[in-house]
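# A structural walkthrough
Below, each chain spelled out in residue letters.
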Amino acid sequence: MELFIRLFGNLLVLVYHCFDRIVIHGYLSGLSRPEQVVHFVRQVHGIPVVSKEVLSQRTHDYQTWVEAFARNHQIPMEWAEKGLRKEDYVLPALRRLEKQNAYGVYFIFKSMEQGRTFRISMPKFPTKDPNHRILAHQRSRFTHYYFYIRDEVLGPIIVRVASFFPFHATYWLNGHSFIEQELKRRRIHFQKNDNAFLAVDDAAELQAAADRLSPHIIRKQLNYWTLILGPKFSKRERGQMNLSRFYAIAQIEYCRNFVFKRHFPIHKLFERSCEIGLWRLTANRISEIFGVRLSKRLRGKLATVIDQIEYGHHVFRAYWKNAFLKQYEKFSRFLRNELCSNNLRDFGLKKGLDHLDAVRKRFQVITDRFAGCQAQWLNVHVDFPLLQRLALPVTAGSVCYPGIKIHETRIIRLLEVLLHGGNSVGGWTAKQIHQAVLTTFQLSPNTYGLNQLRYDLRKLKGHGLLQRDGSRYAYRLTTKGVHVALLFLFFHKRLCGPLANSRFHHRPNPAQRPNSKLEAAYHKADNAIQSIVDLLAAA
């Protein structure tokens, strides 16, 4: 990330990193297993038979309490319609609560959803205990309650509580909302739009507020709202069953934000990052960024794609196992790198809320690597003296290496293969590179032989574009080689490619030319080439 800031520091206003969206599951540890439910019904309450009616009575009592709670506090409660975006629908109610500078529940949604519960069945064969019933976990549809809350510490949060045993709860919170509350408490002026800070009086205090989000703070607030809004248990029930909530991270997003002074460079940087990322961010590079060695036993997804989600802007995604890195521009004000995961075991991390700091440290390292790789790829500019030097032969001792021409087809193919996968830890042998070139470009060994490849490799090595892995005959690109490979490929794919396509397929119509400087430059180059062709024909 330091390289990224050195390259674009004069264009940046603010850089900060924080948790964005956190989804937490709350398990009622005292009633999560079937034997615990049986003990709760038969031993604590003295009911001999565990039946569906007994468990449904607790559901009915809780649903009645929620109805009374909403009615007594004049909180609107509605059924969630299909396709409704709940956050947008309840936003006016949140705005009214903010104007009153009040905190608490401001809306309740009811929804029929699949949830975790218990199935009660009779034993197949007679038992000594005639009241014995078999309880097993199952998923079924029943009522869930979404409580929309404005919390004094965490800001706007959502609590979903299942209305049937074991009363599973889910919590949604946003790190930016917590930072906002912290800055207000310390009277630090800031400008915030949706889930991003665009300006702040004290950037150091902004980052410090983001780092203060801890498991202790989250657990304290979630325990409070679970006690207020969750199912009710008597003091005797709590004493005998040791009822408590265990909080586990179900989904987490960690973001790094780059806020720019002007709108123009954001789109250009993101556009080039997408173009280069689709070439350079291969399976080997993705594994290096996530800090895991690539092997055949690696399970999950390895891919790079460009998506367009419901907000209307493009998103670059790099998938790895059950996680993915994404980058996008928003509001033409900031560029965001975000790491999302719904299975922390992919990173060797535990999902308990107490391990939130370990998640923060690991995700910081990964987003740092991603920003550093992008800065290295973006730091490539056209250098014609470099092309001239590469075209000249090089003498090393008594060996003379021929020059490298930008129009050599064999070199272009070789650089493209090396650029896509030649930066592995151990390098590629000549035979592996040869097979990759033949497979990628569908060539036969007669067209491009192994001796021809070795000649090209010696030429690249003589110009300092290729290096060996110690004493092994395995090769990988140097830093200079990566820059030269990008330059060569950009020249052919972004300049020669469009010009050749316009020459041999169809010529652009000047009358329908869009208002674009790039398109105007292409038309100018096309007219110049046509003039050269006309002069040669006249001669």
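Scroll up to find the structure.
These numbers were taken from a predicted model, which means no experiment stands behind them.

## With respect to the sheet that holds strand E10 (residues 301–308)
Spatially, E2-E3-E4-E5-E6-E1-E9-E13-E12-E11-E10 is the arrangement adopted by the 11 strands of the open sheet, whose pairing is mixed. Only two strands of the sheet have a single neighbouring strand rather than two, namely strand E2 (77–79) and E10. Adjacent strand axes in the sheet meet at a mean angle of 20° when their direction is disregarded. Pairing between strand E1 (residues 12–28) and strand E6 (residues 169–174): six bridges, direction antiparallel. In the sheet register, Gly26 faces E6, and the bridge partner there is Ala169.

## Details of the layout of surface pockets
Counted as a void, the largest pocket has a volume near 1,500 Å³. The wall of the largest pocket is formed by 45 residues, among which Arg85, Glu87, Asn174, Asp194 and Asn195 lie closest to the centre. With five residues, helix H6 (residues 175–185) is the single largest residue contributor to the lining of the largest pocket. When grouped by side-chain class, the residues that make up the lining of the largest pocket number 17 nonpolar, nine polar and 19 charged.

## Some points on the packing of aromatic side chains
Applying the stated criterion across every chain, the model contains 26 aromatic pairs. Ring geometry for Tyr62 versus Tyr145: centroids 5.9 Å apart, planes at 85°, classification edge-to-face. You can see Tyr62 sitting in helix H3 (residues 52–72) and its partner Tyr145 sitting in strand E4 (residues 134–151), a full 83 residues away along the chain. A relative accessible area of 3% means that Tyr62 is categorised as buried.

## Structural notes on the packing of helix H15 (residues 430–441) against helix H16 (residues 450–462)
Two numbers describe how H15 lies on H16: the axes approach to 10 Å, and their chain directions differ by 110°. As judged from the angle between their axes, H15 and H16 are roughly perpendicular. Crossing angle aside, the handedness with which H15 passes H16 is right-handed. Of H16, the residues touching H15 (which contributes Ala430, Lys431, Ile433 and His434) are Leu450, Leu453, Arg454 and Leu457. Looking at side-chain class alone, the contact of H15 with H16 contains five nonpolar, one polar and two charged residues.

Rules behind the numbers
Residues numbered from 1 in each chain as written. Predicted model: local features only at pLDDT ≥ 70, side-chain atom pairs only at ≥ 80, totals over all residues. Heavy atoms only, no water. Pairing = 2+ DSSP bridges. Helix = DSSP H or I, 4+ residues; strand = E, 2+ residues; numbered from the N terminus. Axes fitted to C-alpha atoms, helices over the stretch in contact; angles between N-to-C directions. 1 Å grid on protein atoms, 1.4 Å probe; cavity = no way out; pocket = protein on both sides within 12 Å on 5 of 7 lines; lining within 4 Å. Points joined across faces, edges and corners; volume = space filled by probe spheres on them. Nonpolar A, V, L, I, M, F, W, Y, C, P; charged D, E, K, R; others polar. Phe/Tyr/Trp six-rings, centres within 6.5 Å; stacked < 30°, edge-to-face > 60°. Buried < 20%, exposed > 50% of the residue type's maximum accessible area, 1.4 Å probe, protein only. Parallel < 35°, antiparallel > 145°, perpendicular 65-115°, else oblique. Left-handed = near helix turned anticlockwise from the far one by under 90°. Contact = heavy atoms within 4.5 Å.

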